[in-house]
Amino acid sequence: MSAAFSETCASLRLGGSAARLDGGINVRDPAGRLDTSQAASAENVWFDAGALRRRPGFAAAGALGTGGTVDTLYQDGSDRLLIQSDSHLYAYSLASGTLTDFYTLQIPDGMSQAPRGSFLPYNDGCVYFINGVEYIRWDGTTTEPVQPCAPKYRVYDGNNISESTELERHAANLLTKYVTIEYRVNQSTAVGQLYLPPEVRSDIEVVSVLHNGVPITDYHTYSTYVSLGANYSARAAVFQVVAELKPLFLPDTRGITSCIHAADYGPEGRVFLCGNGTNLVFGSAPFDPTYFPADCVRAFGPGEALTGFGKLYGTLAVFRPHSVAAVEFTADSFELRTINPVIGCDCPGTIRTLGNRLVWANSYAGVHMLVSTSRENERNVQNLSRNIDPLLLSESDADLTAAQSFDFGGRYWLNAGSHVYVWDYENRPYTPSGGAEACAWYYFTGIRASYFFSYGSCLCFIDRESDAIRRFEDRGDDAGVPFPARWRTGALDCGLPGYHKHLDAVRLTLLRDTASRFSVSCRCDELEENLPVLCPELVSVTASETGLAATVSRPLRRRSVTSFSLEFACTGTDAGLALADVEIGFRRGLRIVRY
């Protein structure tokens, strides 16, 4: 520290390198067991660009103009936001600030607004939206409900099935509960009745009959055939029987439009749907988001309903609250394989792919990562949030299940209520050797984000209680209101447990690419005492382009301690923090012996 120190003086280096202050917050372990890079408590502070800093503040950046809160948001490209708000679907241009109301959703009986749904941009150039009530398609100009054709269940070249040849066969479309049985007849005699296929005679209810596209109104349905009520010409004629499939044939006729989660995946461009309160996954036919064959339904275990999807390279993960499965493609279909039967996701808005890992949160065990999809790896799901779980899991269940996440700047942002938990996975990635203990998490308060999105190099969010847009900036206030920032180390004993230390000074290395103005407190925790030891003044340096760093020293007034912690805090709009290194000067005293 200084030549003025005696031979018995020593120093504790908390920094040493910029990487020694990047450990994030750890509220799980006792203060005396923390790594010196970690904080025992922290608020609105993170490690950024080589220094411990105050988090960026946010500025008001206008409003969407919907007049309500945002229920669903999808960033379609870099400029356009697709929004569900108060039973309307909007497209918002970030460049021009233009809001386009392109569809009004149906409101079910007994509800005040349409339920929340999912946007699905598909490779046909259209955007699909499904919310448990409607399944619609938007081509950027016009919007219409998806019009699924009633597929041909069987096609015959005659009206008497026993004497006819089957030409085609298609599975039923689960997007509609109707099928069409088509008869192509070319005979000299007229036709007065159409025989039904034996395997569906008891499982369908005829709703209409057509002759060459013209409805027949006087038909009657019997157990084995449909009487047309008159004789119709059979010269090059096409008869069609449109029938509604009964629940016995389709166990869940409402399955598709009742889903609220959608994903497109696989080499054949299939669409997958879930989230209708059941454990069923519905897959579309290849390259067709409107045709869901009855033989492309899979159940994921008994009991729990499905909660969402996650994508990871060759894996489409399907989540339940307490388990996760993978979609495996076969020659012409797909199967589900359980990859973890214990840990799942009940917070579908938190699912994100970070690089080559799938990350999500749940309300009972924190944040997790899928590290492997192999059958042999029994520990394929790893916890990431051990250090912050006491904070995170104290959030209300309602805030957790409605939580949203975002991937920006090498960090995983997780918002629950008015709190944001940030994992810096670029500086402190998950590794098997370090585990969750090494993951650097930061805790931000005062941010009520319903959804995050990026615009250029800026991170923005939508206010949870309005449609206001907020933009993060390098500033010390949130829309003009200062927010507190503090970082408190764990209990430090200078590597001399049981010895008295006489603290003398603290030396701080501050980066000078930004102004710094903050207070330093030294809290001495010995016996029953917990007395703050204040530096005599705020530490302050101004930004300068001529120097990379400035080192300042402050005396400490408290002496004779066995352990202590440092706390850095800044308030006010002019306060900042850019702390790269900390060093404590002390003199060794006598060892404490207790009997």
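Here, every reference points to the structure presented above.
The following refers to the structure shown. (Residues numbered from 1 in each chain as written. Predicted model: local features only at pLDDT ≥ 70, side-chain atom pairs only at ≥ 80, totals over all residues. Heavy atoms only, no water.)

**Some thoughts on the packing of aromatic side chains**
Here is step 1 of the chain: This structure, assessed with the given rule, holds 26 aromatic pairs.
Here is step 2 of the chain: Geometrically, the ring pair formed by phenylalanine 58 and phenylalanine 461 is edge-to-face, given 5.3 Å between the ring centres and 90° between the ring planes. Here the residue phenylalanine 58 occupies a position in strand 5 (residues 57-63), and phenylalanine 461 occupies one in strand 40 (residues 458-463), the gap between them amounting to 403 residues.
Here is step 3 of the chain: Given a relative accessible area of 8%, phenylalanine 58 falls into the buried group.
Here is step 4 of the chain: Both rings, one in phenylalanine 406 and one in phenylalanine 452, keep their centres 6.5 Å apart while their planes meet at 35°; by these two values the pair is tilted. With a gap of 46 residues between them, phenylalanine 406 in strand 35 (residues 404-408) and phenylalanine 452 in strand 39 (residues 449-455) connect regions that are remote in the sequence. Across this residue pair, the class does not change: phenylalanine 406 and phenylalanine 452 are buried.
Here is step 5 of the chain: The ring centre of phenylalanine 483 lies 4.3 Å from the NZ or CZ of arginine 54, which sits over that ring.
Here is step 6 of the chain: Across from the ring centre of phenylalanine 483, 3.9 Å away, lies the NZ or CZ of arginine 55, which sits over that ring. (Phe/Tyr/Trp six-rings, centres within 6.5 Å; stacked < 30°, edge-to-face > 60°. Helix = DSSP H or I, 4+ residues; strand = E, 2+ residues; numbered from the N terminus. Buried < 20%, exposed > 50% of the residue type's maximum accessible area, 1.4 Å probe, protein only. Lys NZ or Arg CZ within 6 Å of the ring centre and 35° of its normal.)

**Comments concerning the sheet that holds strand 10 (residues 118-121)**
Here is step 1 of the chain: Across the sheet, 4 strands lie side by side as 10-11-12-13; this open sheet has antiparallel pairing. The sheet is open, and its two borders are formed by strand 10 and strand 13 (143-145), each paired with just one other strand. Taken pair by pair, the neighbouring strands of this sheet meet at an average axis angle of 25°, ignoring direction. (Pairing = 2+ DSSP bridges. Axes fitted to C-alpha atoms, helices over the stretch in contact; angles between N-to-C directions.)

**Comments concerning the nonpolar core**
Here is step 1 of the chain: One finds Trp413, Trp423, Trp441, Leu508 and Phe564 to be the most contacted residues of the largest nonpolar core, which totals 86 residues.
Here is step 2 of the chain: Apart from the residues lying within four places of it in its own chain, the contact partners of leucine 508 are Phe518, Val520, Val539, Ala550, Thr551, Val552, Phe568, Leu579, Asp581 and Val582. (Core = buried A, V, L, I, M, F, W, Y, C linked by side-chain atoms within 4.5 Å. Contact = heavy atoms within 4.5 Å.)

**As for the pattern of salt bridges**
Here is step 1 of the chain: Counted according to the given criterion, the structure contains 22 salt bridges.
Here is step 2 of the chain: For glutamate 144, the salt bridge goes to arginine 137, with nearest N and O atoms at 3.7 Å.
Here is step 3 of the chain: Residue class for glutamate 144 comes out partly exposed when judged on its relative accessible area of 40%.
Here is step 4 of the chain: Exposure remark for arginine 137: the relative accessible area of 21% places this residue in the partly exposed category.
Here is step 5 of the chain: Between glutamate 473 and arginine 471 there is a salt bridge, and its shortest N-O distance comes to 2.8 Å.
Here is step 6 of the chain: Overlapping salt bridges bring together Arg471, Glu473, Arg475 and Asp477 as one network. (Salt bridge = Lys/Arg side-chain N within 4 Å of Asp/Glu carboxyl O.)

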